[in-house]
Amino acid sequence: MVREMKIIALMAAVILAGLWVGRGRAQEGAGLKAPFRMHTLFSVECQNYFDWQTVGLMHSYRKARQPGPITRLLSCTEQEKKSYRGMNLAPTFEVPSMSRHPKTGDWYPAINKPAGVVHWLKHSKDAENVDWVVILDADMIIRGPIIPWELGAEKGRPFAAYYGYLVGCDNVLTKLHTKHPELCDKVGGLLAMHIDDVRALAPMWLSKTEEVRDDKAHWMTNYTGDIYGSGWISEMYGYSFGAAEVGLRHKINDNLMIYPGYTPLEGVEPILLHYGLPFHVGNWSFSKLGHHEDNIVYDCGRLFPEPPYPREVREMKVDANERRALFLSIECINTLNEGLLLQHAAHACPKPVWSKYLSFLRSKTFADLTRPKQLTPKSRQTMEIAVKKQDSDEPGKPYPKIHTIFSTECSPYFDWQTVGLVHSFHRSGQPGNITRLLSCTEEDLKQYKGQDLAPTHYVPSMSRHPLTGDWYPAINKPAAVLHWLKHVKVDAEYIVILDADMIMRGPITPWEFNASRGRPVSTPYDYLIGCDNELAKIHTSHPDSCDKVGGVIIMHINDLRRFALLWLHKTEEVRADVGHWSRNITGDIYEAGWISEMYGYAFGAAELNLRHVISNKIMIYPGYVPEHGVNYRVFHYGLDFRVGNWSFDKAKWRHANVVEKCWSKFPDPPDPASLDRANHDAFQRDLLSIECVNSLNEALHLHHERKKCPDPKLPSTPITPDRPTLSTPTRETHERPSSPFPNHDISGEFITTRKIDKKDELDASGDNAELNEGSQELSRPEPSNQTFTSMRFWILGLWAVSIFGFVAVMWLVISSRKGHKKRGKHSKTRRRAAATVQDYGL
């Protein structure tokens with residue numbers, strides 16, 4: 001028996017040695033050289049509390065296949081180290097403890113984080129051989145690789161998670177502790193930055209932490225956001241103020257990291273769980289503070305209380321996103337328990353007694369549920385927030401969340417508009433997220449190919465009214481907004497509503513344009529003369545409150561919830577009032593009721609006495625002369641416009657499949673250098689017109705690149721507009737000449753109707769197919785042939801060594817047992833585990 005154990009140990013040594021050699025060579029071959037060398041750090045202390053967190057983080061690090069080495073920065077006093085049992089829990093770099101400040105005597109363990117990073121930079125050889133650093137907290141679970149350059153981190157532009165409660169960045173606190181308050185970013189938790197930035201920041205991070213910690217006069221909640229008012233988040237402010245001091249602006253992400261118990265946004269796949277707050281699933285709950293002294297790492301066979309099984313969780317929530325939130329919560333604790341189970345096994349604990357829960361943790365089902373997650377475009381989307389600093393010394397209030405929406409239909413016409421708008425959204429620095437409200441019939445949706453063009457909420461089409469049979473696609477806009485509000489959990493305070501035929505040039509925020517609850521912001525639509533005549537008196541009880549507005553809308557979510565149904569009803573009402581479609585009443589030159597939706601908006605708002613802040617500095621039509629000094633935020637290309645002999649009319653591209661046809665684009669506008677500068681107003685007008693179409697073409701080109709269209713070096717193929725028809729457009733054929741009313745496009749395809757029923761309550765997970773049009777996705781270059789050959793050689797060598805060692809050892813085992821054959825019993829463990837998993841219904 002002793003001999004057999006020695007042989008098995010020899011076999012393990014041979015295989016592990018081969019794996020170690022292969023791993024080292026594979027990393028060399030995979031190109032883990034500058035600038036792609038990375039290192040993950042986390043800071044802990046010599047306590048049971050941090051030991052079980054370390055086990056969980058280390059297990060998830062391996063499970064998620066996080067690239068590069070990881071190091072635990074272990075802060076301990078000499079006295080603590082004498083009795084500490086957890087030195088082997090992770091690759092460790094020992095750091096002198098600063099929990100009790102050596103000069104002031106202040107007890108503040110959180111300062112060990114910046115102090116540990118400073119010590120690592122000064123004394124660790126690893127810090128001399130790395131280019132990127134990821135800094136995490138111990139109470140985290142990694143769900144997928146966190147790679148700085150793939151997240152968009154750059155030298156001088158670290159990547160970080162959003163910590164919105166750090167209100168001190170907006171008030172007097174930042175003015176007291178940094179010379180650059182305008183650079184203060186509310187970030188923390190997850191940090192990914194270049195090593196040069198870490199070296200510049202770390203000493204300042206430590207210094208500013210000491211400074212804020214010493215500023216007891218400003219520990220109050222209204223200054224710091226710390227609900228305990230005890231200065232415990234001084235280290236977080238130390239980081240933000242230190243980064244501002246050395247001029248670092250972050251790429252801020254509010255999607256990548258999530259607290260268990262929080263509901264993820266549609267289309268977002270979080271890859272980091274931060275269990276810093278209590279959370280619950282049904283009657284089960286977990287709080288890390290309840291395990292502060294827990295020696296669970298060293299107590300063989302003991303795990304945290306088991307959460308509900310997936311089958312039970314599926315029955316708890318109907319909403320898909322709320323159900324996903326519950327799954328993230330049980331994944332967090334199950335991963336912790338799986339790590340503890342493996343830790344116990346590795347330290348010679350007795351084999352635990354079989355249980356249903358242990359069987360589940362070892363099942364293929366659980367392995368499949370916890371495979372490494374990949375980033376979705378929405379997960380990596382960053383917040384480029386325009387900072388508006390307060391002039392007063394009063395404690396500030398963080399800016400409200402914003403969500404941008406726009407309405408489209410399933411047609412190539414709206415697809416190229418979507419590509420242009422979403423691309424410009426990401427380039428504009430608009431805060432928050434964007435959602436396309438896509439109105440389609442079931443039949444259209446089966447053939448539709450543009451699902452991945454934008455984060456999308458699917459809406460039943462009302463182009464053909466389900467009750468009256470009236471064909472009016474513009475009604476989809478209020479119907480879609482109402483459906484979105486009803487079926488999506490919206491966490492934004494303000495909603496920005498745009499049209500698809502727009503290009504964003506800059507952020508549209510409620511704080512800049514003075515929107516407030518009960519006072520939405522919009523742009524002037526002076527041709528809505530029905531607000532001044534009998535039309536308003538017929539359709540609203542408050543005609544004096546009728547504002548001639550449209551195009552861009554900024555509205556508080558509470559106002560929108562009250563207003564959306566009225567918007568839809570008033571649209572139906574005006575649309576049915578055929579007797580008042582005439583031009584002298586509505587201003588509609590076609591006298592066909594096409595702008596009924598605009599009046600539906602104006603009359604619905606009047607009914608609720610919602611008076612608008614009307615701004616002519618937000619939107620401009622290309623072809624109009626701009627007001628001097630105005631930085632317009634939106635192009636609305638609803639009207640045709642021209643520069644010299646070149647012109648653009650969106651209506652001529654109704655059926656052109658610009659998005660699907662590789663390298664298609666609109667005819668290039670004139671070169672700005674060729675413009676006549678004699679007339680300043682005309683010159684500025686033409687520059688804006690050129691910018692608008694160039695933005696559309698740029699968006700199309702990037703879309704085709706992402707589609708991996710062939711031969712990208714070949715010249716783009718200009719597309720041709722729709723051929724004119726000799727027939728007169730009629731409502732029945734759904735065609736009409738181009739309209740001066742920019743919001744309302746009449747689809748050229750016949751769309752069948754469908755009833756609105758429970759089938760339309762689509763899963764919020766539909767957003768997973770989104771495309772982040774504006775963000776650059778940086779990734780490692782492909783390895784050269786020489787590198788690939790070298791890596792393949794070492795992999796083959798690894799397998800050869802492993803197989804040879806295995807065969808040799810097995811031959812020795814068989815030889816030692818020759819003449820001692822014994823009949824063994826077949827193990828039923830696998831069948832029992834499989835049967836158990838089947839019983840769960842997983």
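Please read all numbers here as calculations on a predicted model, not as lab measurements.

**Some details on the overall build of the protein chain**
Counting its secondary structure elements, the protein chain contains 24 helices and 26 strands. In the protein chain, which comprises 842 residues, the proportion classed as buried is 54%. Counting contacts in the protein chain only where the partners sit at least 6 residues apart, residues at least 24 apart contribute 77% of the total. Total accessible area on the protein chain is roughly 39,000 Å²; 55% of this is exposed by carbon and sulfur atoms.

**Details of the sheet that holds strand 5 (residues 140-142)**
Spatially, three strands are ordered 5-10-9 in an open sheet, and the strand pairing comes out mixed. Since the sheet does not close on itself, it has two edges, and those belong to strand 5 and strand 9 (257-258), each with one partner. Relative to strand 10 (residues 272-274), strand 9 runs parallel, the two sharing two bridges. Bridge pairing in strand 10 links Ile 258 to Leu 273.

**Regarding the packing of aromatic side chains**
The tally for this structure, following the rule as stated, stands at 34 aromatic pairs. Where Tyr 621 meets Tyr 624, the ring centres are 5.2 Å apart and the plane angle is 50°; that geometry is what we call tilted. Tyr 624 gets classed as partly exposed once you look at its relative accessible area, which sits at 44%. On the numbers, 6.2 Å between centres and 70° between planes, the contact of Tyr 637 with Phe 648 is edge-to-face. Pair noted here: Tyr 637 is in the loop between strand 22 (634-636) and strand 23 (641-643) and Phe 648 is in strand 24 (residues 646-648), with a separation of 11 residues, a long-range link.

**Observations regarding the pairing of strand 16 (residues 494-499)**
With six of six residues buried, strand 16 lies mostly within the body of the structure. Residues Tyr 494, Val 496 and Leu 498 point to one face of strand 16 and Ile 495, Ile 497 and Asp 499 to the other, with burial holding for every one of them. Of the strand pairs in this sheet, strand 13 (residues 402-409) and strand 16 are connected by six bridges, and their pairing is parallel. Among the inter-strand pairings, Thr 404 is bridged to a residue of strand 16, identified as Val 496. Pairing of strand 16 with strand 19 (residues 549-556), which is carried by four bridges, proceeds in the antiparallel orientation. Bridge pairing links Ile 495 to Met 555 in strand 19.

**Description of the confidence of the model for the protein chain**
With 79% of its residues at a pLDDT of 70 or more, the protein chain shows a mean pLDDT of 83. Segment residues 385-396 is flagged for pLDDT under 50; beyond a separation of four residues in sequence, or across chains, it makes 28 contacts in the model.

**Structural notes on the nonpolar core**
The biggest cluster of nonpolar side chains holds 76 residues, and the ones touching the most others in it are Trp 52, Leu 136, Ile 146 and Leu 190. Top element by residues in this core is helix 11 (residues 320-346). It accounts for eight residues. In contact with Leu 190, other than residues within four places in its own chain, are Val 134, Ile 135, Leu 136, Met 140, Ile 146, Phe 159, Ala 160, Ala 161, Leu 256, Met 257 and Leu 272.

**A word on the state of the cysteines**
Evaluated as defined, the whole model comprises six disulfides. With its sulfur 1.4 Å from that of its partner, Cys 46 forms a disulfide with Cys 76. Linking Cys 46 and Cys 76, the disulfide has an S-S dihedral of approximately 80° and is accordingly described as right-handed. Of this pair, Cys 46 sits in the loop between strand 1 (38-45) and helix 2 (48-63) while Cys 76 is found in strand 2 (residues 70-76), placing the two residues 30 residues apart along the sequence. For the pair shown, Cys 46 and Cys 76 are each scored as buried. Disulfide pairing places Cys 300 opposite Cys 349 at an S-S distance of 1.9 Å. Torsion about the S-S bond of the Cys 300 and Cys 349 cystine: about -65°, corresponding to left-handed handedness. Of this pair, Cys 300 sits in the loop between strand 12 (284-286) and helix 10 (310-314) while Cys 349 is found in the loop between helix 11 and helix 12 (356-361), placing the two residues 49 residues apart along the sequence.

How each quantity is defined
- Residues numbered from 1 in each chain as written.
- Predicted model: local features only at pLDDT ≥ 70, side-chain atom pairs only at ≥ 80, totals over all residues.
- Heavy atoms only, no water.
- Helix = DSSP H or I, 4+ residues; strand = E, 2+ residues; numbered from the N terminus.
- Buried < 20%, exposed > 50% of the residue type's maximum accessible area, 1.4 Å probe, protein only.
- Contact = heavy atoms within 4.5 Å.
- Areas by Shrake-Rupley, 256 points an atom, 1.4 Å probe, with all protein chains shown as cover.
- Pairing = 2+ DSSP bridges.
- Phe/Tyr/Trp six-rings, centres within 6.5 Å; stacked < 30°, edge-to-face > 60°.
- pLDDT = per-residue confidence, 0-100.
- Core = buried A, V, L, I, M, F, W, Y, C linked by side-chain atoms within 4.5 Å.
- Disulfide = S-S within 2.5 Å.

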